[in-house]
Each structure stands twice: as structure tokens, then as C-alpha cells.
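Listed here are the chains, written in short residue letters.
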Amino acid sequence: MVFIIFFAVFYGLVSYSLPLLLMQSFNQSTAEAVRRSVALDPSTANYDTAVRNIATTELTRQLAWIPAALNFNVATDASATYIGGVLTVTINYPTSKLNQVLPFLVLPGIGSVPNLPATLTARSSLQF
């Protein structure tokens, strides 16, 4: 019993570090994508598209460090919308992709470790 508790604490510490790192990076990158989009001149032709493109480009730049094994793709896991003067940048990363790299264990009496939601989500928005 002592081994199970010790192992659960140790594995929990190790296995939660990657999802927490990803969430911090997702929050930082969405916020930075919104900040970078503010610099665009509102008189730019096709402003709506240009703002979304800048946000998506910044997300790609900010999250380039993520290893290919995690299967993160800005085109499918992130979105940038500009509706009614509000730019919203969202990342929805399915936990199933993380499970391909980091095995989730089911420990007796404790349950699944790490116990994560189905999707890791980060969102930033700004009204222009």
C-alpha cells in the first residue's frame, strides 16, 4: 500500500508537469497572438483576414518548441476569429494526443493519473 501511494505521488508529479507546461504555453501564446494583432493598422485592406492571419502566425511562432511527438497543429488545434470588433484566439488540444506520448495509469484506490479534462483549452480575446 505504501508503494502504491508513493508511486502515485511520484508519477502524478511527473505526469502533471507536461500538461501544466502546455497550458502555460497555450495561455501565453494566445495572449501574445492577440497583443501582436493590435499593431495592425485598421485601415489595412481585408482587415478581418489580416488580423486573423497575424494571430495564427504568432501562435505558430510561439508554439514552435512543441515536439512533433505531441502532434500539435495550429491549423487543427487552434482558431482565431474576428467578429464584431472582438478578436478571439483559442487553442483546443485534445488530451488523447497527449495520451499517445504520456501514458495515463489507473491506480487502485486513486484512479486515473493524470486525471485531465478531455480537452486542454486556452482562450484570449480583445475588443478593438
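(A) How the structure looks around the sheet that holds strand β5 (residues 119–127). Ordered by their spatial adjacency, 3 strands build an open sheet running β1-β2-β5, and the pairing between neighbours is antiparallel. Each edge of the open sheet is held by one strand with a lone partner, namely β1 (78–83) and β5. Neighbouring strand axes in the sheet, compared pairwise and without regard to direction, differ in orientation by 15° on average. As paired strands, β1 and strand β2 (residues 86–94) are joined by 6 bridges and run antiparallel to one another. Bridge assignment links A80 to a residue of β2, and that residue is V89. Strands β2 and β5 of the sheet are contacted by helix α1 (residues 2–38), whose axis makes an angle of about 20° with β5. Seen against the sheet, helix α2 (residues 47–62) touches β1 and β2 and runs at an angle of roughly 155° to β1.

(B) Representation of the side chain of T88 in the model. On the secondary structure map, T88 appears in strand β2. Given the relative accessible area of 19%, T88 is considered buried. Apart from residues lying up to four places away in sequence, T88 is in contact with S79, A80, T81, R123, S124 and S125.

(C) A look at the packing of α1 against α2. Between α1 and α2, the least distance of the axes is 8 Å, while the angle of their chain directions is 140°. Here α1 lies oblique to α2, going by the angle between them. Note that α1 runs across α2; the crossing there is right-handed. Every residue of α2 that contacts α1 at Q28, S29, T30, E32, A33, R36 and S37 is listed here: V51, I54, A55, E58, L59, R61 and Q62.

(D) Representation of the side chain of E32. Its place among the elements puts E32 in helix α1. For E32, a relative accessible area of 14% gives the class buried. Those residues in contact with E32 that sit more than four places away from it in its chain are E58 and Q62.

(E) The arrangement of the packing of aromatic side chains in detail. The tally for this structure, following the rule as stated, stands at 6 aromatic pairs. Taking 5.5 Å as the distance between ring centres and 25° as the angle between the ring planes, the aromatic pair formed by F26 and F72 counts as stacked. Of this pair, F26 sits in helix α1 while F72 sits in the loop between α2 and α3 (74–77), and the two are 46 residues apart along the sequence. Here the two residues F26 and F72 agree in accessibility, since each one is buried.

(F) Main features of a nonpolar patch on the surface. On the surface, F6, F10, L13 and V14 cluster together to form a nonpolar patch covering roughly 450 Å² of accessible area. With respect to the helices and strands, the residue L13 is situated in helix α1.

(G) Up close: α1. For α1, built from 37 residues, the straight-helix expectation of 54 Å at 1.5 Å per residue is met to within 8% by its first-to-last C-alpha distance of 54 Å. At S17, α1 is bent by approximately 25°, the largest bend along its length, and proline P19 sits one to four residues beyond.

(H) Molecular detail of the pairing of β1. Of the two faces of β1, only the one carrying A78, A80 and Y82 is buried; S79, T81 and I83 on the other face are not. Between β1 and β2, which pair antiparallel in sequence order, lie 2 residues; one of them, G84, sits at a positive phi of approximately 60°.

So, how was this worked out
- Residues numbered from 1 in each chain as written.
- Predicted model: local features only at pLDDT ≥ 70, side-chain atom pairs only at ≥ 80, totals over all residues.
- Heavy atoms only, no water.
- Pairing = 2+ DSSP bridges.
- Helix = DSSP H or I, 4+ residues; strand = E, 2+ residues; numbered from the N terminus.
- Axes fitted to C-alpha atoms, helices over the stretch in contact; angles between N-to-C directions.
- Contact = heavy atoms within 4.5 Å.
- Buried < 20%, exposed > 50% of the residue type's maximum accessible area, 1.4 Å probe, protein only.
- Parallel < 35°, antiparallel > 145°, perpendicular 65-115°, else oblique.
- Left-handed = near helix turned anticlockwise from the far one by under 90°.
- Phe/Tyr/Trp six-rings, centres within 6.5 Å; stacked < 30°, edge-to-face > 60°.
- Patch = residues over 30% accessible without salt bridge, like charges linked within 9 Å, V, L, I, M, F, W, Y side chains within 5 Å.
- Areas by Shrake-Rupley, 256 points an atom, 1.4 Å probe, with all protein chains shown as cover.
- Salt bridge = Lys/Arg side-chain N within 4 Å of Asp/Glu carboxyl O.
- Expected span 1.5 Å × (residues − 1).
- Bend = angle between axes of the 7 residues up to and from the residue.

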